[in-house]
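# Structural characterization, general
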Amino acid sequence: MSDKLKNAKIIFVVGGPGSGKGTQCEKVVAKYGYTHLSSGDLLRAEVASGSERGKQLSAIMQKGELVPLDTVLDMIKEAMIAKADVSKGYLIDGYPREVKQGEEFEKKIGAPSLLLYIDAKSETMVKRLMKRGETSGRADDNEETIKKRLDLYYKATEPVIAFYQGRGIVRKIDSEGSVDDVFSNVAKAIDSLK
Ligand SMILES: Nc1ccn([C@@H]2O[C@H](COP(=O)(O)OP(=O)(O)OP(=O)(O)O)[C@@H](O)[C@H]2O)c(=O)n1
Ligand SMILES: Nc1nc2c(ncn2[C@@H]2O[C@H](COP(=O)(O)OP(=O)(O)O)[C@@H](O)[C@H]2O)c(=O)[nH]1
Ligand SMILES: [Mg+2]
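Each value, and the rule that gives it
- Residues numbered from 1 in each chain as written.
- Chains lettered and ligands numbered in written order.
- Predicted model: local features only at pLDDT ≥ 70, side-chain atom pairs only at ≥ 80, totals over all residues.
- Heavy atoms only, no water.
- Near = heavy atom within 4 Å.
- Polar contact = N/O pair within 3.5 Å; in protein donor to acceptor, adjacent residues only side chain to side chain.
- Areas by Shrake-Rupley, 256 points an atom, 1.4 Å probe, with all protein chains shown as cover.
- 1 Å grid on protein atoms, 1.4 Å probe; cavity = no way out; pocket = protein on both sides within 12 Å on 5 of 7 lines; lining within 4 Å.
- Sits in = over half its atoms within 2 Å of the grid points.
- Helix = DSSP H or I, 4+ residues; strand = E, 2+ residues; numbered from the N terminus.
- Pairing = 2+ DSSP bridges.
- Axes fitted to C-alpha atoms, helices over the stretch in contact; angles between N-to-C directions.
- Contact = heavy atoms within 4.5 Å.
- Nonpolar A, V, L, I, M, F, W, Y, C, P; charged D, E, K, R; others polar.
- UniProt positions renumbered as here; feature names shortened; annotations may be inferred.
- Buried < 20%, exposed > 50% of the residue type's maximum accessible area, 1.4 Å probe, protein only.

A few words now on the site of ligand 2. Surveying the vicinity of ligand 2 reveals 14 residues, the closest of which are Gly 18, Lys 21, Thr 23, Arg 132 and Gly 177. In the model, an oxygen atom of ligand 2 is placed 2.9 Å from a nitrogen or oxygen of the Gly 22 main chain. Thr 23 has a polar side-chain atom sitting 2.5 Å from an oxygen atom of ligand 2. Burial of ligand 2 by the protein chains amounts to 72% of its free accessible area of 580 Å². A majority-of-atoms criterion places ligand 2 in the largest pocket. Tallying contributions element by element places helix H1 (residues 21–32) first for the shell around ligand 2, with 3 residues.

Shown next as structure tokens:
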């Protein structure tokens, strides 16, 4: 089955909560026709389905903790295979969250050719998330859970960036500016792939 993904172009999009990963991914889809898979969105879809598994996930996400690695990875892989015949490449948004997630992804799917590191200050991320929380309806866009998500990001996810820096595939994108300014740097990073 995973043969279908053997030559897939894979881009990891990593950054703190509220750094702007989802916003930039949408723009990449519009310009490059890549397939955008947000691990958080996949999990929220499972929660919305009302399944037993969704109920367990919901409790973990509300606390800002990480759901079991295999759950997310299986969902991502399934979604990738579903698009394999039409996809020009994949943006894997919000994954890996910890080094182990990256290692398992590579074992089961393949290696990324680029890691886009979307970087914003923690004050900026908190501000954006509080604003998003006014309309997102997300159970985790509240002050208490935002703090936990940020802590976990610095503790578990930043080491992911260091891990891939060692391979020379990290492009750090300053995400403090306007959406369009940030995107012009994202586009440069993607163009450098070809
Ligand atoms: N690989 C992943 C991705 C997400 N989650 C869970 O899903 C929640 C929401 O994920 P996501 O939407 O990616 O959240 P953030 O990056 O925190 O926020 P954003 O949408 O702002 O990127 C996380 O807090 C976590 O509980 C997880 O456990 N493992
Ligand atoms: N000013 C500014 N706001 C942004 C930028 N990118 C995202 N936002 C806002 O920040 C919030 C979080 O963005 P989102 O893409 O959901 O971030 P994610 O959590 O990393 O997926 C959203 O409400 C966006 O409108 C940016 O480059 N500049
Ligand atoms: Mg997002």
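And the narrative resumes.
Next up on the list: the sheet that holds strand E1 (residues 10–15). Within the open sheet, the 5 strands sit side by side as E2-E3-E1-E4-E5. Their pairing is parallel. Each edge of the open sheet is held by one strand with a lone partner, namely strand E2 (35–38) and strand E5 (170–174). Here the strands of the sheet are splayed against their neighbours by 20° on average, with no regard to which way each runs. As defined by bridge partners, E2 adjoins strand E3 (residues 90–93) across 4 bridges and the pair is classed as parallel. In the sheet register, Leu 37 faces E3, and the bridge partner there is Ile 92. Sitting on the sheet, helix H7 (residues 143–165) touches E1, strand E4 (114–119) and E5, and the angle it makes with E4 is about 140°.

With that settled, the discussion passes to the site of ligand 1. In the region of ligand 1, 21 residues are neighbours, and Arg 44, Glu 65, Val 67, Arg 132 and Arg 138 sit closest. Within the side chain of Arg 138, an N or O atom sits 2.6 Å from an oxygen atom of ligand 1. Mapping ligand 1 onto the cavity grids shows that it belongs to the largest pocket. It is helix H2 (residues 39–48) that provides the largest number of residues to the shell around ligand 1, a total of 4 residues. For the shell around ligand 1, the residue count by class is 8 nonpolar, 5 polar and 8 charged.

With that settled, the discussion passes to unusual backbone geometry. Here Tyr 95 and Pro 96 are connected by a cis peptide whose omega angle stands at -5°. If you trace the backbone, Pro 96 turns up in the loop between E3 and helix H5 (99–108).

With that settled, the discussion passes to the UniProt feature "binding site: AMP" (unreviewed entry) in the protein. When the UniProt feature table is mapped onto this chain, "binding site: AMP" (unreviewed entry) is found at Ser 39, Arg 44, Glu 65, Leu 66, Val 67, Gly 94, Tyr 95, Pro 96, Arg 97, Gln 101, Arg 138 and Arg 149. On the basis of their most widely separated C-alpha atoms, the annotated residues across 111 residues do not gather in one place, lying as much as 23.8 Å apart. Narrowing the list just given to those that line the largest pocket leaves Ser 39, Arg 44, Glu 65, Leu 66, Val 67, Gly 94, Tyr 95, Pro 96, Arg 97, Gln 101, Arg 138 and Arg 149. Residue classification places Gln 101 among the buried positions, given a relative accessible area of 2%. When sequence neighbours within four positions are dropped, the list of residues in contact with Gln 101 reads Leu 66, Leu 69, Tyr 95 and Pro 96.

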